[in-house]
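Read off the chains here:
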Amino acid sequence: MLRVPMHMPHLHFILFLTFALVLGYAQSRAWVVEGYWHSQVDLLPIWVAYAAVFSRPYVLGFCLVAGIWVDLLSANPLGTSWVSWLLTILCLQRVQGVLLRGHWIGEAMLCALASAMSLVFGAALLWMGRHHPMLGWPFAWQALFNASVCALGGPMAFILLRALDRLLLAHPLPSPGYHSVVEVKRGRFYRSVWK
Amino acid sequence: MMSLALLAGCFLLALPTRVNSQFKRAVAGVFRPLLGLSDGASRQWDNLDFLTLSKADLWEENRQLRKELQHARISLLQKRAMEQENQTLRQSLGWESQQPWQMIPARIQVADPFNWWRSLYIDRGSSDGVMENTPVLCPQGLVGKVEQVEAGRSLVRLVGDPHCRVAAMLEPAAAAKPLRAAHGTIMEGPQSTWNPRMVSFQHLPVDIRLEPGSQVVTSGMGGGFPKGIPVGRIVDSRPAESELFVEARVILGVDLNELEMVWLPLPQNRKETDAQPK
């Protein structure tokens, strides 16, 4: 069963953010992928999904810094990524009660959902701001492709991020006096000694 | 806090594009150390190719480059003679002489990570004399134009992006009626999102016969791009919906996925010392 971190020290946040920044830069250098699949790969929605569900206290800092970074690497107007990510996170936090935490199917679905939503929100923001992005039927393929890639890569990335959690985060110790697996059974001839 | 961040983002997005890009430039200044670090690391990564190359490959490449250099020198001699002749003819006709250009090389830093733009960043900026709307070229033809300029880098919109439209024409030798120029506009087409090399050539006159494979070059109209830069080749054509014009599909000469270095033509008196590659 996955343990939800109680707090996130700064070192953990810095490492989490650094991974996201490096990934953002690396995927903007890997334009060769587009030639084969007619679509860019964007794995940052996995980080967005993880931050939404497990790293609530630092979600805003992550969205602002990583969102600005991604916008600086693209022709997006400033604010596109962080607004679309924050909207995605708000939606994911609404449904997190029904998520299967710790199960790879649940994590894959979560990452696919985050990918599709961040793309749709980003496109809608640009379209409403009259920035004339290139949308159309191929956009549906690109959203589907990226959601599939995030669904495949999400559970693997979650394993790494969870390892980071275990390494750097303090978790509450289980109480020694209470064992949830111990069950007291009383037979039909039970008589309390206190009577 | 989250609501405040959302509001701030929406406010930024609602600003006019020019104001937003000024904000972006200011924020890029804050992130400059990180951008410089990433660029340096990617340069080192690119240099790792050197370790895998054998001496024989390098020697072969060197021999090939020497041969190409000799060809280039000979064609330059021919070009100089033609330029002199052109200058003399211009003087005799009383035409204004053309301003010479100086080509500066630029390395591609990053390509746009989003599917809805066709753009990239290059490592030349205002400190190198780059200005907005400077054309961007490579040996195969037109790549795009500079849209935003920062101190050490510039945003290039590629041909096929909605923000980069090019006044173009059929190469005079390729037009069926050479006396009538076939001018039009190269812009993003319905297939541009799917295939970045496929663009649309629109607003062509109806009485021009377009042959597949004909060369399309910049027309120089509007002043955005110099005349005669190759753009691509005609694939097919059909009447536009309004039936007042003909539109054609053009495959770009430049494979935008394989670009590594581009060239920027700048006025020669702008920066004499910046011709050296970084």
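Residues numbered from 1 in each chain as written. Chains lettered and ligands numbered in written order. Predicted model: local features only at pLDDT ≥ 70, side-chain atom pairs only at ≥ 80, totals over all residues.

Some thoughts on the interface of chain B and chain A
Part 1 of the argument: Across the boundary between the two partners, chain B contributes 35 residues, which contact 42 residues of chain A.
Part 2 of the argument: Looking at the side of chain B that touches chain A, the elements with two or more residues in it are α1 (2-14), α2 (17-30), α3 (32-47) and β1 (101-111) of chain B.
Part 3 of the argument: Take the side of chain B that touches chain A: its biggest share by element is eight residues, from α1(B).
Part 4 of the argument: Here the side of chain B that touches chain A is built from residues that sort into 22 nonpolar, ten polar and three charged. (Contact = placed C-beta atoms within 7 Å. Helix = DSSP H or I, 4+ residues; strand = E, 2+ residues; numbered from the N terminus. Nonpolar A, V, L, I, M, F, W, Y, C, P; charged D, E, K, R; others polar.)

A short note on α2(B)
Part 1 of the argument: End to end, α2(B) covers 20 Å across 14 residues, agreeing with the expected 20 Å (1.5 Å per residue, within 8%).
Part 2 of the argument: Along α2(B), the positions that sit buried rather than exposed are B:N20, B:S21, B:K24 and B:A28. All buried residues of α2(B) project into a common sector of 95° when viewed along the axis, lining one side. Opposite the buried face of α2(B), at more than 90 degrees from it, the exposed residues are B:R18, B:V19, B:A26, B:G29 and B:V30.
Part 3 of the argument: Looking at the buried side of α2(B), the elements it contacts are α4 (59-72) of chain A together with α1, α3 and β4 (141-149) of chain B. (Expected span 1.5 Å × (residues − 1). Buried ≥ 20, exposed ≤ 12 C-beta atoms within 10 Å, placed from the backbone. Arc of directions from axis to C-beta.)

Some points on the confidence of the model for chain B
Reading predicted coordinates in detail is not appropriate for stretches of low pLDDT.
Residue and element names in this part refer to chain B.
Part 1 of the argument: Residues with a pLDDT of 70 or more make up 91% of chain B, whose mean pLDDT is 83.
Part 2 of the argument: Here helix α4 (residues 49-52) is the element of chain B with the lowest mean pLDDT, 74, and strand β5 (residues 154-158) is the one with the highest, 92.
Part 3 of the argument: Overall fold confidence (pTM) sits at 0.79, and the ipTM for the predicted complex is 0.78. (pLDDT = per-residue confidence, 0-100.)

Considerations on the domain arrangement of chain B
All names here are of chain B.
Part 1 of the argument: Domain boundaries assigned for chain B yield domain 1 (101-159 + 257-275) and domain 2 (166-253).
Part 2 of the argument: Contacts between the two partners involve eleven residues from domain 1, matched on the other side by 15 residues from domain 2.
Part 3 of the argument: Classifying every residue of the side of domain 1 that touches domain 2 gives five nonpolar, four polar and two charged. (Domains from an automatic or database assignment.)

Examining the sheet that holds strand β8 (residues 198-204) of chain B
Part 1 of the argument: Around the barrel, which closes on itself, the six strands sit in the order β6-β7-β8-β11-β10-β9 (chain B) with antiparallel pairing between neighbours. The mean angle between the axes of side-by-side strands here comes to 40°, regardless of whether they run parallel or antiparallel. (Pairing = 2+ DSSP bridges. Axes fitted to C-alpha atoms, helices over the stretch in contact; angles between N-to-C directions.)

So, the nonpolar core
Part 1 of the argument: In terms of nonpolar packing, the biggest core is built from 94 residues, with B:V143, B:V159 and B:V231 touching the most fellow members.
Part 2 of the argument: Ranked by the residues each element gives to this core, the list is headed by helix α6 (residues 104-128) of chain A, at eleven residues.
Part 3 of the argument: Mapped onto the domain boundaries, this core takes at least three residues apiece from domain 1 (101-159 + 257-275) and domain 2 (166-253) of chain B.
Part 4 of the argument: The contacts of B:V231, once residues within four sequence positions are left out, are B:G141, B:L142, B:V159, B:V166, B:A168, B:I186, B:V216, B:V217, B:T218, B:V250, B:L252 and B:G253. (Core = buried A, V, L, I, M, F, W, Y, C linked by C-beta atoms within 7 Å.)

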